[in-house]
Structures are given as structure tokens and as C-alpha cells.
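Breakdown of the fold
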Amino acid sequence: MKQLSKTYNPKKIESKIYYLWEKSGFFNPDKLPKRHKKPYTILLPPPNVTGSLHMGHALNATIQDILIRQKRLEGFKTLWLPGTDHAGIATQNVVEKELKKEGKTRFDLGRKRLIEKIWQWKEKYGDVILDQLKKLGASCDWSRTRFTLDKEYADAVKKAFLYYYKKGWIYRGKRVINWCRRCATSLSELELEYKQERGTLWYIRYPLKKPEKKLKEKYVVVATTRPETMLGDTAVAVNPKDKRYKSLVGQKIILPLVNREIPIVADNLVDPKFGTGAVKVTSAHNLTDYQISLKHKLPLIQIINEGGKLTKKVPSLYHGLSVEEARKKIISNLEELNLIQKSEPYFHQLPYCYRCDTKIEILPSEQWFLKMDKLAKKAITPVKKGKVKFYPKNFKKTYLDWLENVRDWCISRQLWWGHKIPLKGENDVLDTWFSSALWPFATLGWPQKTKDLETFYPSDVLSTARDIIHLWVVRMMFSGIELMKKNPFKRVYIHPIVLTRTGQRMSKSLGTGINPLDLIEKYGADATRFGLAWQIMGGQDMKFVEDNIIMGKKFCNKIWNASRFVLMQTKGLKSKKQNYDLNFQTRNLTLADRKILKSLNKTIGLVNKYLENFLFGKATHALYDFFWHDFCDKYIEISKSQILEAKYQKETKKILLYILSVSLVLLHPFIPFITEEIYQTLPLKKKRGCLMIEKWPSSQIIRDS
RNA sequence: GGGCGCGUAGCUCAGAGGUUAGAGCGUCACACUGACAUUGUGAAGGUCAUAGGUUCAAAUCCUGUCGCGCCCACCA
């Protein structure tokens, strides 16, 4: 028999054990023993190919591995399918930034060569994060690893798009976007840089068409930092609760300089405290105004073109002027008409292009949309009816509230890296989330009718972060229901967000992030996992403290040494019957024997209950208390004297071995490496080769008699 | 602005109507006897944010106040 060293050294065993698991093939459900029949599926939320492991990933991977390992032990045919997301904007940006270092832009390369370059980058760095998950002990079936841009996946995306298209749910429409006139491209929120700037807030008098006699004023005064956009105004808006303007809602304004009639509308997006409480609405050139215009069905009047010049939609006096020129001219014209009440300095944040530092224009542009009315209803029903459950349950509200007022989904992006829209003459690509939405079934072979799809869809649990409930969970739900005719998962677990000790979000750029790989290096993967799981209590956030990882490390060492003790005592002992069916002679049991067996029973029950409800912190606490306090502090100490008495000796040794064996199984989902290593040295007669596929204990081991 | 949540020991958190409010880490004292000093035994440390209310009984339920955080939207 192999000797265990005096202290636990994770570095010595982790890679060895991981290799043992991979070699066993048991990560792959098809290679599990035949008794594993009933499928149990978890799909790893695919990290971005640009990503490297952060605490959120480590936490979620720990959670999923706990669940999948426990189910594997329970005899399920478990699949945990990994993969990565092409993450359109993020990835293209990474490569474009590299180009920038060489003084080049994507336009220098052209579309084809840029995409080639991104693929090269992906091949080189794209799987880094998956390798990092292995360090944590993740028991994913790596043979099924998928990428949201690989060929089969692209077929699925195409199929899904065309399905919606033929239904008539995909349409072309206008949408207001961020535009860089120098790069000649639209920009996402991620690609903007905001700069604090001193501007001017002008208060402009807008004449009422029919001034009410009881009102002294013949005007409504609006405040704006961009007077030139008034040429494209389509309304004036006030807050519906604003008493000052109540009587004006529904009346008309004669837009100065243009002499166009526009309505006064009420909308709660208007902040009554800003300026005069009345704002001009420029539907085509302001994002908020665009939202207001959608609700009130106002027209879009594009007065600024892609080059930053005024279009022919404005009076000829202003044709072709740049935005800056137009502003000067309009101010002076308004002053001549005595329509400027006052002006004051105003500080605000303005968006710039992150690449070329040009001020962003907001313009309407043609985009593709997916109609949401029917799909949203389909996504609502199963959650409302409880067919798909959220844990913790309050996230059901987050999910449903958003869907109740969902707008049509803009699915096109002006990028090069992504799934091309599968229609003739289209250059745009699809929103990254359009492909992620198909993850629960495209990864299993859809649209082909594969055996995997039949076996592993729908998945059992989706574990993810709450900030992508809208972006991702909702979209998977309706995609699954529409295209597979079945909900894509049964339960959605929303894990806590890992914050710094002071309660801030961890951020690489601020240097407040903690690298889980450093923790693994310092304390071992098991300690890191146990410490993380220990902290998962009911709250929606968790402030990370290293103390808990230290606890995990100490606990591992305790397990290690308790095992050494048991192994010393039971050297050469082989249980006659199969592993856990030790046949205790009830009348020979001492009070202490009885107590520890009962306590084990109770612990098994608790762990089952807690895991079923995603209460990982509770489960780890129960295991910790049982193993350390009941088993080590009490039973092991008493066993030392029991072993000295001939009539108890044999039974005591059997119990020691038994409690340890069962504990290792119970602990395995949380701390897989150390438990596997110890298991390999246990003197049990029948072993299954890997603790990973041992039998999860039933809680009816001993009766209370 | 909308949503969600949190203020309990020095720190991170349990406890969710009923005797002396718990854990881990940290601190202090003592103990290296054969599993483990990454240990053992013991100790110190808390008007449970605050003000009212409900109740025989409130850390726990209700209301207000103060403080903190996260997510979403937005900054005209």
C-alpha cells in the first residue's frame, strides 16, 4: 500500500489526477459504465474567446462541476458540454487593436484578410480559458467542445435565421445608431469613449401654434446643448406628471426657422428637473428621443448625413453645412428672432470613437429586426407556469418584467467577425447573441437529428450570471421553444456576483480583480473550490475574501491526515462485502459508533437537500462540520481507545474505513482531486477504478434503533 | 430614473418570531503524548445600522430614516 505524505500537497497530485480522469474517459457520457442510463445535462455558458479565467468563471465552473459530479455519482449519464463564443465585437476589437500597433486599420486589410487574421488569433488564444478550467478540475466532455462560429454551428444559425425569415418575423427597419464619420462605420456601446466636456445649454423659445389666452407665455422654452438638431425636431416632450405643462400636452408648436408643425407629447422618459422640463425631440439624432418617437409614432427626419453634413431635409439656407457651422448660424438666426431666452455653461459626457477619437454622430440606419411579440409570449408562459424555475426565485421577476415590455430585437451588426446574414447582397453580421441563443441545441447537432440532441436536450440546469438574463437566458428560451418545441432547460440558477472585499465589482483595469489561477497555485484547486462554495449563501453578491480559501486549504489537510490515520489503522483490512454495504452487528456497536453513523446519515440527507436547492454554502458547511467536528474531533479520538479493546477493535476499524469512504464520496463533487487521490489508496475490496464513478450513498445506512 | 439586494464579533458571512445570537478567518493563553502545529483545549470580542410600530415575546414581522452595493436604462 502506498504511503501518504504528512501534509497535503495539491501540486503533487492535481495534474496527475486530472490525467487519470481524462484517461478514464468518464467525462464523456458515452464512455460511462452502462448503469449510467438517465441523462443529465449542463451546458457551459460559453466564455468569450478573448476571455481569461476570472473569479466569476471560477465560481460558475465550480458550481457546475459540483452539480455534474454529484449527478455522475448518482448514476446519471452526465454531459457537461463546454465551448466558446466568438463574441463579435470583443474579438474583432482585440485583433484591430493589434493592427493599430502596426499602424493599420481593418480597411487596410479588407474583410477577408481581417477575418483570416481573427481566426488565426482564435486558434492561438481562443482555448486558453478552457485549459484554465481544467486546472480547476472541471469535468467537461472536451470531446464535444463547440465554438459558436464553427461550420456546423454556422449551419444552425443560418437555418434559424431563415426559419424566422420565412415566417415573416424578420424585417428591415430604421434604428438610431452611433456613427463615426471618419471610420464610416457604426459603433457599439463598447466602442465609445466618453469625455467630460464643457458645452452650452441654450434655452430656446418654441412658439405655440394657438397660445391659450389664460397663459401669459406664447412659447414653450426648451433647453438643448445641440441647437442645430432642432431642424429635425419632430415633437416637444414633457413629463406626464409635470403640472406646469399639463394643459399643453396635445397642442402644436410651430418649429422656428423651419415653420413645421410639431406636437407636444407626454413621456415619462423626460426628466422634469432638467432645464425647463420641456425638451425638444430629435427622433433621428438622439437615442432617448428615438425611444420617445417610437412610443408616440413620430417620424424620423434625418438632417445629418454620414459625413456629418446637413442633408436636404433642412431649409436650403443650411444645406451642406457641417454640424459646427450649422450650430453657429442657427444660434445667430434665433438671436435675430429673439427666440433665445438665455444660455448657460453645461458640463456633460460626450461619446468619441475609441479608435480615431472623432466625435460620434447619432444617425438612423437600416437594420434587421426580429419581431418579438409572439416569441416573447412563448418565453413568458413556461416561467409564469413554473415549468422553468428560477433559483433564487426573485429572478423570475427580472426575467418576466423585461419580457413584458420587450421591443423587437435588432439582430444586425456592422461588423466583419460573425455570422453573415444569409441573404443576398447582405454585408452585415448577426448579433453575437443570435448565435448564443441556439447554444442549448446547436451544440448537440441541430438542425441535424442527432442522437445527442435526442438524448441530452433539454438540459437540466442552466447556471449563469444575472446580468445576461435578458441578453441570453430569454433568447435561449424562445429559440428553444420555437425551434425545438421544448423548453431548453428545466431550472435556471443565477449565481452570485463575485465582488471585491470592499464591495466593488472586480475589474482588471482597476487592478481590483483576483486571478483564480493564483489561488489555485497558492492553495490548490480543491481549496479554491471549497472556499468559493463555502461563500455561496443566499445573497445575490458575494464579497470575496481569501480567508475562506485558507479555510479550504486547512480542511483539505485535515481530510488528508484523518485519512492517514484511518489507513494506518486499517492496513490490510478488506471489507468482506462490497464497499458500503458493511454489515454492522448492531449489538456490538458502542454509543460512539451509533452516534457517528447517525450523524453521517443526517449529513447525507442535508447535502442532498442543499444541492437540490443550489445551496452550496450550506452543503459545504454541513460537510465541514460533520467531517471535522463529528468525525475527527470526536469519533477518531474515541476510536483510539476502542481499538485497544478486543471486542470493539474490528468493528471500530470497519466503521473508520466506512465513514471515511462515504465522506470521500460526499466531498468529491466539491474537492475532487484530494478525494480521488485518497480513494485510490483505500483498502476496499471492490473499487470502481475512479471515485468519480463510485456510488453516491443513500441516507438509509443505519436505522435509528 | 427603474429593478434587486445588503447593513449581526476586527474581517467575510450564517441565523428569519421563543432559553446564555453562531461559523470561518484573525486575536490572546496554554499544550508539539503516535493522524494532523495547515493541530488540540480554552478565552476575549456583539445595546444584531437607526427611529417608531405589531406581539406575552422582535436580530427575525411592518413603516419611516440613514448608509452601502449590484444590474438595467439614461445624461437632451
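Summarised in this report is the structure supplied together with it.

Cut-offs used in this document
- Residues numbered from 1 in each chain as written.
- Chains lettered and ligands numbered in written order.
- Predicted model: local features only at pLDDT ≥ 70, side-chain atom pairs only at ≥ 80, totals over all residues.
- Heavy atoms only, no water.
- Helix = DSSP H or I, 4+ residues; strand = E, 2+ residues; numbered from the N terminus.
- Buried < 20%, exposed > 50% of the residue type's maximum accessible area, 1.4 Å probe, protein only.
- Contact = heavy atoms within 4.5 Å.
- Areas by Shrake-Rupley, 256 points an atom, 1.4 Å probe, with all protein chains shown as cover.
- Lys, Arg positive; Asp, Glu negative; His and termini not counted.
- Charge placed at Lys NZ, Arg CZ, Asp CG, Glu CD.
- Salt bridge = Lys/Arg side-chain N within 4 Å of Asp/Glu carboxyl O.
- Phe/Tyr/Trp six-rings, centres within 6.5 Å; stacked < 30°, edge-to-face > 60°.
- Near = heavy atom within 4 Å.
- Polar contact = N/O pair within 3.5 Å; in protein donor to acceptor, adjacent residues only side chain to side chain.
- Pairing = 2+ DSSP bridges.
- Right-handed = clockwise from strand over helix to strand, strands pointing away.
- Core = buried A, V, L, I, M, F, W, Y, C linked by side-chain atoms within 4.5 Å.
- Axes fitted to C-alpha atoms, helices over the stretch in contact; angles between N-to-C directions.
- Parallel < 35°, antiparallel > 145°, perpendicular 65-115°, else oblique.
- Left-handed = near helix turned anticlockwise from the far one by under 90°.
- Nonpolar A, V, L, I, M, F, W, Y, C, P; charged D, E, K, R; others polar.

**Re the overall build of chain A**
Secondary structure summary: chain A contains 22 helices and 22 strands in total. Across its three principal axes, chain A shows a C-alpha extent of roughly 110 × 55 × 45 Å. Each of the 705 residues in chain A was classed as buried or not, and the buried ones make up 57%. Within chain A, residue pairs in contact and separated by at least 24 positions form 77% of the contacts whose partners lie at least 6 positions apart. Counting only carbon and sulfur atoms, one obtains 51% of the accessible surface of chain A, whose full area is about 32,300 Å². Counting 125 positive and 71 negative side-chain charges, chain A places the centres of these two groups 5 Å from one another.

**Digging into the pattern of salt bridges**
Enumeration over the complete set of coordinates arrives at 34 salt bridges. Salt-bridge contacts for Glu344 lead to Lys342; the nearest nitrogen and oxygen are separated by 3.8 Å. When the shortest N-O distance is used, the salt bridge between Lys384 and Glu404 registers 3.6 Å. Pair noted here: Lys384 is in helix 10 (residues 373-384) and Glu404 is in helix 11 (residues 395-404), with a separation of 20 residues, a long-range link. Judged by its relative accessible area of 52%, Lys384 falls in the exposed class. One salt-bridge network, held together by shared partners, links Asp30, Asp141, Arg144 and Asp452.

**A word on the packing of aromatic side chains**
Per the counting criterion, the structure on display carries 35 aromatic pairs. Arranged with centres 5.8 Å apart and planes meeting at 85 degrees, the rings of Phe107 and Trp416 form a pair that is edge-to-face. Highlighted residues: Phe107 in helix 4 (residues 106-109) and Trp416 in the loop between strand 17 (412-413) and strand 18 (429-430), separated in sequence by 309 residues. With a relative accessible area of 46%, Phe107 lands in the partly exposed category. With a relative accessible area of 15%, Trp416 lands in the buried category.

**Here we look at the protein's contact with RNA strand B**
With respect to spatial proximity, 48 residues lie near RNA strand B, and among them Thr288, Arg466, Arg501, Arg505 and Trp628 are the closest. When the atoms of RNA strand B within 4 Å of the protein are sorted by group, sugar and phosphate make up 74%. Taking Asn561, its side chain carries an N or O atom lying 3.0 Å from a sugar or linking oxygen of RNA strand B. At the level of secondary structure, the elements contributing two or more residues to the surface near RNA strand B comprise strand 13 (340-353), strand 21 (497-499), strand 22 (541-543), helix 18 (547-569) and helix 20 (616-644).

**A word on the pairing of strand 20 (residues 489-494)**
Among the six residues of strand 20, five are classified as buried, and the element is accordingly described as predominantly covered. Here three bridges tie strand 15 (residues 389-391) to strand 20, and the two strands are oriented parallel to one another. Looking at the pairing, Tyr391 lines up with Tyr493 of strand 20. Where strand 19 (residues 459-464) and strand 20 come together, five bridges link them in parallel fashion. Considered in strand 20, the bridge of Val461 is made with Arg491. What joins strand 19 to strand 20 is helix 15 (residues 469-484), and the crossover it makes is right-handed.

**Focus on the nonpolar core**
One finds Phe530, Phe616, Phe627, Phe631, Ile659 and Leu682 to be the most contacted residues of the largest nonpolar core, which totals 106 residues. At 13 residues, the largest contribution of residues to this core is made by helix 20. Not counting residues within four places of it along the chain, the set of residues in contact with Phe631 comprises Val566, Ile596, Phe626, Ile636, Leu656, Ile659 and Leu660. Core analysis: the second largest hydrophobic core is formed by 55 residues, Ala156, Leu444, Val474 and Ile481 among them.

**Things to note about the sheet that holds strand 10 (residues 252-255)**
Ordered by their spatial adjacency, four strands build an open sheet running 10-11-9-12, and the pairing between neighbours is mixed. Looking at strand neighbours, the two that pair on one side only are strand 10 and strand 12 (278-281), the edges of this open sheet. Averaged over all neighbouring strand pairs, the angle between strand axes comes to 30 degrees, with direction disregarded. As judged from the four bridges shared by strand 9 (residues 235-238) and strand 12, these two strands associate in the antiparallel manner. The residue bridging Val236 from the neighbouring strand is Lys280, located in strand 12.

**What to know about the environment of Gln64**
Along the chain, the position of Gln64 falls in helix 2 (residues 55-73). For Gln64, a relative accessible area of 0% corresponds to the buried category. C-alpha separation for the pair Gln64 and Lys522, spaced 458 residues apart in sequence, amounts to 23 Å. Gln64 has contacts with Ile42, Leu43, Leu44, Pro45, Trp80 and Ser463, leaving out every residue within four places of it along the chain.

**A short note on the environment of Trp417**
Position of Trp417 relative to the elements: it lies in the loop between strand 17 and strand 18. Trp417 gets classed as buried once you look at its relative accessible area, which sits at 1%. Sequence separation between Trp417 and Asn93 is 324 residues, and the spatial gap between their C-alpha atoms is 9.7 Å. Setting aside residues up to four positions removed in sequence, Trp417 forms contacts with His86, Ala87, Gly88, Thr91, Gln92, Ile115, Ile118, Trp119, Phe147, Leu149 and Val429. In terms of polar contacts, Trp417 uses its side chain to reach the backbone carbonyl oxygen of His86, at 2.9 Å.

**Considering the side chain of Thr41**
Residue placement: Thr41 occurs in strand 1 (residues 39-43). Relative accessible area serves as the criterion here: at 1%, Thr41 is assigned to the buried category. Among the polar contacts listed, one links the side chain of Thr41 to the backbone oxygen of Phe456, at a separation of 3.1 Å. Residues in contact with Thr41, not counting those within four places in the same chain, are Leu79, Phe456, Pro458, Ser459, Asp460 and Val461.

**Regarding unusual backbone geometry**
Omega for the peptide link from Tyr391 to Pro392 comes to -10 degrees, which places this bond in the cis form. In this fold, Pro392 is placed in the loop between strand 15 and helix 11. Omega for the bond connecting Trp446 with Pro447 falls within 30 degrees of zero, at 10 degrees, which places this linkage in the cis form. Within the fold, Pro447 resides in the loop between helix 13 (439-442) and helix 14 (451-456).

**Description of the packing of helix 20 against helix 21 (residues 646-667)**
Where helix 20 contacts helix 21, the two axes come as close as 9 Å, and the packing angle between them is 165 degrees. When the axes of helix 20 and helix 21 are compared, the pair comes out roughly antiparallel. Here helix 20 runs over helix 21; the crossing is left-handed. On the side of helix 20, the interface is formed by Leu623, Phe626, Phe627, Phe631, Tyr635, Ile636, Ser639, Gln642, Ile643 and Leu644, while helix 21 contributes Ala646, Tyr648, Gln649, Thr652, Lys653, Ile655, Leu656, Ile659, Leu660, Ser663, Leu666 and Leu667. Looking at the contact of helix 20 with helix 21 residue by residue, the class counts come to 16 nonpolar, five polar and one charged.

None of this, on its own, says anything about what the molecule does.
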